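Results of the structural survey
Chain by chain, the residues:
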There are 2 protein chains.
Amino acid sequence: MSEPKQLHLTAFMRPVSLHTGAWRYPGSYPDANFNLKHITSFIQKLEAAKFDAFFMADHLAVLNMPVEALKRSHTVTSFEPFTLLSALSQVTDKIGLAATASTTYDEPYHIARRFASLDHLSDGRAAWNIVTTGNPESAKNFGLDEHVEHSERYKRAREFYDVVTGLWDSFADDAFIRDRESGVYFDPEKLHVLNHKGDELKVKGPLNIARPVQGWPVIVQAGQSEPGRQLAAETAEVVFCSPRDLDAAKALYADIKGRTKAAGRDPNHLKILPAALIVIGDTVEDAKNKRLKLDTFVHYDSAIASLSIALGSDATGFDPDKPLPADIPETNSSKTSRLGVIQLAEKDKLTVRQLAQRLGGYSGLAFVGTPETVAEELEKWLAEDAADGFTVTFPFLPQGLDDVAERLIPELQRRGIFRKDYEGTTLREHLGLPRPKNQFFG
Amino acid sequence: MSEPKQLHLTAFMRPVSLHTGAWRYPGSYPDANFNLKHITSFIQKLEAAKFDAFFMADHLAVLNMPVEALKRSHTVTSFEPFTLLSALSQVTDKIGLAATASTTYDEPYHIARRFASLDHLSDGRAAWNIVTTGNPESAKNFGLDEHVEHSERYKRAREFYDVVTGLWDSFADDAFIRDRESGVYFDPEKLHVLNHKGDELKVKGPLNIARPVQGWPVIVQAGQSEPGRQLAAETAEVVFCSPRDLDAAKALYADIKGRTKAAGRDPNHLKILPAALIVIGDTVEDAKNKRLKLDTFVHYDSAIASLSIALGSDATGFDPDKPLPADIPETNSSKTSRLGVIQLAEKDKLTVRQLAQRLGGYSGLAFVGTPETVAEELEKWLAEDAADGFTVTFPFLPQGLDDVAERLIPELQRRGIFRKDYEGTTLREHLGLPRPKNQFFG
Ligand SMILES: Cc1cc2nc3c(=O)[nH]c(=O)nc-3n(C[C@H](O)[C@H](O)[C@H](O)COP(=O)(O)O)c2cc1C
Ligand SMILES: Cc1cc2nc3c(=O)[nH]c(=O)nc-3n(C[C@H](O)[C@H](O)[C@H](O)COP(=O)(O)O)c2cc1C
């Protein structure tokens, strides 16, 4: 019998948690945004649990919310990803380090350099989450009044990728001979000047940095629009996505793997990792209660605003302790969103307050149960080609992370679908991805 | 009697050394460019010796040299400064971390974020070496054909500084109350939106990061042109400069301190630290011989090209083992440079080969002698108001650094002009600089 397909797990982090109420949860570290000791302990636990990689969400602006909601959110500020991950590279040995970097509001020479440097500093553990930057507030921090148009952003992203990977290949892997005797530090035949002149970018090169340990840092892509998927198919080695449920995930998986094949690539060299909140309890009920309790920490003012936006109707007049009224009008701006909300309220039997707090907290895909029931679900997703693993989010820290590391991971290992130890040293090796050849020096 | 004026010492580094021949010196680490273990050992030694800060030179391109010279130079590639210094923040506790960042080829939102993040990660040890970027090759890596014009670069630099410091002040020092009970994470009255609209830059803000530990990271400036000095007077807290000798240093010192006073600032809050190569030997002769030996590792091809450029005349026909010919014509492009070279050859009694290798290696200010003679000279510069300390360069690593740390530093301590231990924890405290008030929340 051949080995069962293996899960890949990436931790999708905010220092306090992605859930907006988590900083108020008992035992949480509300100051973790700028307290590196806490983040260090998180990543060390993730490494002990053999996660593939650690990934920190990132934005180029304070999120655009009314200040009444913003003032309640711990996601307003945190470390910048390159500085943070470089620091963390020194307190870990094996776990991958994925940083978000924008192709819209940065320059390819800078991005190529920083990832190459992080890859050298970490002995081959860097990954680049290519984003075109969704948040329109970012534009205003970079000299613009308005966000660059969507298709334009993706056009630049595609070319940006070519430039960055071209710069990484500036030196052959064996360019640096450092021959003391003859006084030759590198072989000039093994230096390539890119001289890129495209529609969007003009970059001469060469990069002033040796080829990364991994050849290229691992390429991650997280956009889900049509051009986002296409970019993934052509360039990505890992896809972060956020399907609602198993069926949506299967459809997305088939679509992206199909496009990858059509682009002439091996679909096994692209791993699809849906984002999922994981809440572990002693019983399924216990886990559900933890989640409900967590949601209660989302302030009602922010919660109800989130519900109003999702429904496309003012929800402030609803009775917070009753189910959702039946007669919510359909508006043009929010058809699918409204329907999703109504279905969620029915499925989880939520009051208006609970529903609002769910939406204001974290309303994406979630696995809530015992180590056994959650492992069962993850295994099912893996077996049914809905995922190659997950981009795991923790409900609250440190306990929610400890529950996954100490209770779920051993159950996944017992089932033979997750490593008991790292087999290689680089992130590419953890993910089972080949090291790319240098395009100029075969 | 009051305490004598104290020296401030910053290490001005390239991983292998700034001297282009150093990688061939016996005992050197030619692979240090991408071998973090070596750089870690260097910075830990500098911290043990109580240096104020560690500074890594940086460029946004491969230096523009004919490939025949370039192939012999270890300065062709190295780590990117933010990633490197962030990593080093985790293997040190007290020493300052100074990074070069360009105001010409980067964005203030990115720069403000990265320095703020480094300052948080290092508990208040970051410094920003503001440069307008001298190397014209850089332009070609950022979409341009030609370098941005000098005065234009400085105009943008001045405004860039205002934007970055304004972004650092986005949140009051006490903005983050994190009150679990009321669910208020920060006080919105203590958030300032910059809304900068100037001639060169438009940046809305706020920064998505808490105010740096030091209020603002320490501002370093290294340009020496007229607008460079003026920028220093208005903004800098540390000036890196490269005067030729004591008299030039005194004149520069008086000029910059005078301008600082004229700009309405306290001249004591700007520290002038000339760059100096320090070579320590058992006798003065021994130190001089070490330096001569080091110079011999500069390949003659590169060396003679450097001499030709400095003289403004082709030097390839000169007898390498004779003194410089007397009849070198004066050309328009190199009057001062030619004269300086002729004087150097006479003063140090150098053959053509030695002179060429000096110029191809490191030809700036140097202190070469025993711990006592060098300490004597540094003390004289300090007493005569030529410097507030030095930006120290080591001839070769690790030995040249060990000689300074283990032999020169104790001698400076014995004379009472250098600290025996750090008194504070932040770089500002090491340098005796005040923590700036938040301009929006006094
Ligand atoms: C799991 C996941 C993580 C993401 N993380 C980030 C992030 O850190 N920063 C960011 O700007 N966008 C992030 N995104 C958003 C996408 O990168 C993308 O910018 C957005 O979806 C808009 O692209 P699209 O129009 O192609 O969907 C993330 C998306 C997903 C699914
Ligand atoms: C000690 C010292 C260190 C410097 N380090 C850098 C550096 O790392 N990167 C850089 O681009 N320029 C560096 N410079 C150059 C200056 O920052 C400046 O760009 C150059 O002198 C041109 O400015 P100017 O025309 O005002 O002199 C350094 C200068 C000195 C004196």
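Residues numbered from 1 in each chain as written. Chains lettered and ligands numbered in written order. Predicted model: local features only at pLDDT ≥ 70, side-chain atom pairs only at ≥ 80, totals over all residues. Heavy atoms only, no water.

Under an unreviewed UniProt entry, the name given to chain A is Alkanesulfonate monooxygenase, and the organism recorded is Mytilinidion resinicola. Quoted verbatim from the Sequence similarities (unreviewed entry) heading of the UniProt record, the comment on chain A is "Belongs to the NtaA/SnaA/DszA monooxygenase family." (UniProt positions renumbered as here; feature names shortened; annotations may be inferred.)

Digging into the pattern of salt bridges
Under the defined criterion, the tally for this structure stands at 80 salt bridges over all chains. The shortest N-O distance in the salt bridge between glutamate 234 of chain B and arginine 158 of chain B comes to 2.5 Å. Note that glutamate 234 of chain B is positioned in helix α6 (residues 226-235) and arginine 158 of chain B in helix α5 (residues 150-168), a separation of 76 residues in sequence. Linking aspartate 255 of chain B and arginine 259 of chain B is a salt bridge whose minimum nitrogen-to-oxygen distance equals 3.0 Å. With a gap of 4 residues between them, aspartate 255 of chain B and arginine 259 of chain B both fall in helix α7 (residues 246-262), about one helical turn apart. It is possible to trace a salt-bridge network through shared partners that takes in Glu80, Asp106 and Arg114 of chain A together with Glu80, Asp106 and Arg114 of chain B. (Salt bridge = Lys/Arg side-chain N within 4 Å of Asp/Glu carboxyl O. Helix = DSSP H or I, 4+ residues; strand = E, 2+ residues; numbered from the N terminus.)

As for the relation of the copies chain B and chain A
When chain B is fitted onto chain A, the two copies agree to an RMSD of 0.0 Å after a turn of 180 degrees and an axial shift of 0.0 Å. Read as a symmetry element, the transformation amounts to a two-fold axis. Across chain B, the smallest distance between a C-alpha and the rotation axis is recorded for alanine 87 of chain B, namely 2.1 Å. In this assembly, 99% of the residues forming the interface of chain B have copies in chain A that are likewise at the interface, indicating an isologous arrangement. (Least-squares fit on C-alpha atoms with pLDDT ≥ 70 in both. Contact = heavy atoms within 4.5 Å.)

Regarding the site of ligand 1
Residue and element names in this part refer to chain A. The local shell around ligand 1 holds 18 residues, among which Asp58, His150, Tyr154, Gln224 and Ser225 are the closest. Aspartate 58 places a polar main-chain atom, nitrogen or oxygen, 2.6 Å from a nitrogen atom of ligand 1. A distance of 2.7 Å separates an oxygen atom of ligand 1 from a polar atom in the side chain of histidine 150. About the coverage of ligand 1: the protein hides 82% of its 620 Å² of free accessible area. Contributions of two or more residues to the shell around ligand 1 are made by α5 (150-168) and β10 (238-241). Residues that form the shell around ligand 1 fall into these classes: 9 nonpolar, 8 polar and 1 charged. (Near = heavy atom within 4 Å. Polar contact = N/O pair within 3.5 Å; in protein donor to acceptor, adjacent residues only side chain to side chain. Areas by Shrake-Rupley, 256 points an atom, 1.4 Å probe, with all protein chains shown as cover. Nonpolar A, V, L, I, M, F, W, Y, C, P; charged D, E, K, R; others polar.)

Observations regarding the site of ligand 2
All names here are of chain B. Taken together, 20 residues form the shell around ligand 2, and within it Asp58, His150, Tyr154, Gln224 and Ser225 come nearest. Contacts to ligand 2 include aspartate 58, whose backbone N or O atom sits 2.6 Å from a nitrogen atom. A distance of 3.0 Å separates an oxygen atom of ligand 2 from a polar atom in the backbone of glutamine 224. Protein chains shield 82% of the accessible area of ligand 2, which is 620 Å² for the free molecule. For the shell around ligand 2, the residue count by class is 9 nonpolar, 10 polar and 1 charged.

Focus on helix α6 (residues 226-235) of chain A
Three or more residues of α6 of chain A are buried, namely Gly228, Leu231, Ala232, Ala233 and Thr235 of chain A. In this structure, the buried residues of α6 of chain A make contact with β4 (126-131), α5, β9 (218-221), β10 and α7 (246-262) of chain A. (Buried < 20%, exposed > 50% of the residue type's maximum accessible area, 1.4 Å probe, protein only.)

A closer look at the interface of chain B and chain A
In this assembly, 75 residues from chain B lie in contact with 74 residues from chain A. Where chain B meets chain A, there are 10 salt bridges. As a salt-bridge pair, lysine 204 of chain B and glutamate 137 of chain A come within 3.4 Å of each other at their nearest N and O atoms. For the pair chain B and chain A, the number of links is 45 residue pairs in polar contact (both at pLDDT 80 or more). Elements represented by at least two residues in the side of chain B that touches chain A include exactly α2 (67-70), α3 (81-89), α4 (108-121), β5 (176-179), β6 (184-186) and β8 (202-203) of chain B. Ranked by residues supplied to the side of chain B that touches chain A, first place goes to α4 of chain B with 8 residues. A class-by-class count of the residues in the side of chain B that touches chain A yields 34 nonpolar, 22 polar and 19 charged.

What about the packing of helix α10 (residues 335-347) of chain A against helix α11 (residues 352-361) of chain A?
Residue and element names in this part refer to chain A. Here α10 crosses α11 at 120 degrees, and the two axes come no closer than 10 Å. As summarised for this structure, α10 and α11 are arranged oblique, according to the angle between their axes. Note on packing geometry: the crossing formed by α10 with α11 is right-handed. On α11, the residues touching Val341, Leu344 and Ala345 of α10 are Leu355, Arg358 and Leu359. Across the contact of α10 with α11, the residue classes tally to 5 nonpolar, no polar and 1 charged. (Axes fitted to C-alpha atoms, helices over the stretch in contact; angles between N-to-C directions. Parallel < 35°, antiparallel > 145°, perpendicular 65-115°, else oblique. Left-handed = near helix turned anticlockwise from the far one by under 90°.)

Things to note about the domain arrangement of chain A
Residues and elements named next belong to chain A. Segmentation of chain A into domains returns domain 1 (8-281 + 370-431) and domain 2 (286-360). One C-alpha centre belongs to domain 1, the other to domain 2, and the line joining them spans 31 Å. Summing the contributions of domain 1 and of domain 2, the shared interface buries around 1,400 Å²; its carbon and sulfur component is 62%. Three residues stand out in domain 1 for area buried against domain 2, namely Arg24, Tyr25 and Arg72, and they jointly supply 35% of the buried area on that side. Summed over the shared surface of domain 1 and domain 2, the result is 1 salt bridge. With its nearest N and O atoms 3.3 Å apart, the salt bridge here joins lysine 290 to aspartate 403. The leading source of residues in the side of domain 1 that touches domain 2 is strand β11 (residues 271-280), at 3 residues. Residues belonging to the side of domain 1 that touches domain 2 are distributed by class as follows: 9 nonpolar, 4 polar and 4 charged. (Domains from an automatic or database assignment. Buried area = accessible area lost by both parts, 1.4 Å probe.)

Some words on the environment of phenylalanine 394 of chain A
All names here are of chain A. Counting through the fold element by element, phenylalanine 394 comes out in the loop between β13 (389-393) and α13 (399-414). Linking phenylalanine 394 and serine 306, residues 88 residues apart in sequence, is a C-alpha distance of 21 Å. If near-sequence neighbours (up to four positions away) are discounted, phenylalanine 394 is found in contact with Ala11, Met13, Ser17, Leu18, Leu46, Phe51, Leu277, Gly400, Leu401 and Val404.

Section: helix α1 (residues 36-48) of chain B
A rise of 1.5 Å per residue sets the reference length of α1 of chain B, with its 13 residues, at 18 Å; its end C-alpha atoms lie 18 Å apart and thus fit the reference within 8%. Within α1 of chain B, the full set of buried residues consists of Leu36, His38, Ile39, Thr40, Phe42, Ile43, Leu46 and Glu47 of chain B. The secondary structure elements touched by the buried residues of α1 of chain B are α4 (108-121) of chain A together with β1 (8-13), β2 (53-56), α3, β3 (96-102) and α13 (399-414) of chain B. N-capping of α1 of chain B is provided by asparagine 35 of chain B, with a side-chain oxygen placed 3.1 Å from the backbone N of lysine 37 of chain B. Downstream of α1 of chain B by a residue or two, lysine 50 of chain B has a phi angle that is positive, lying close to 70 degrees. (Expected span 1.5 Å × (residues − 1).)

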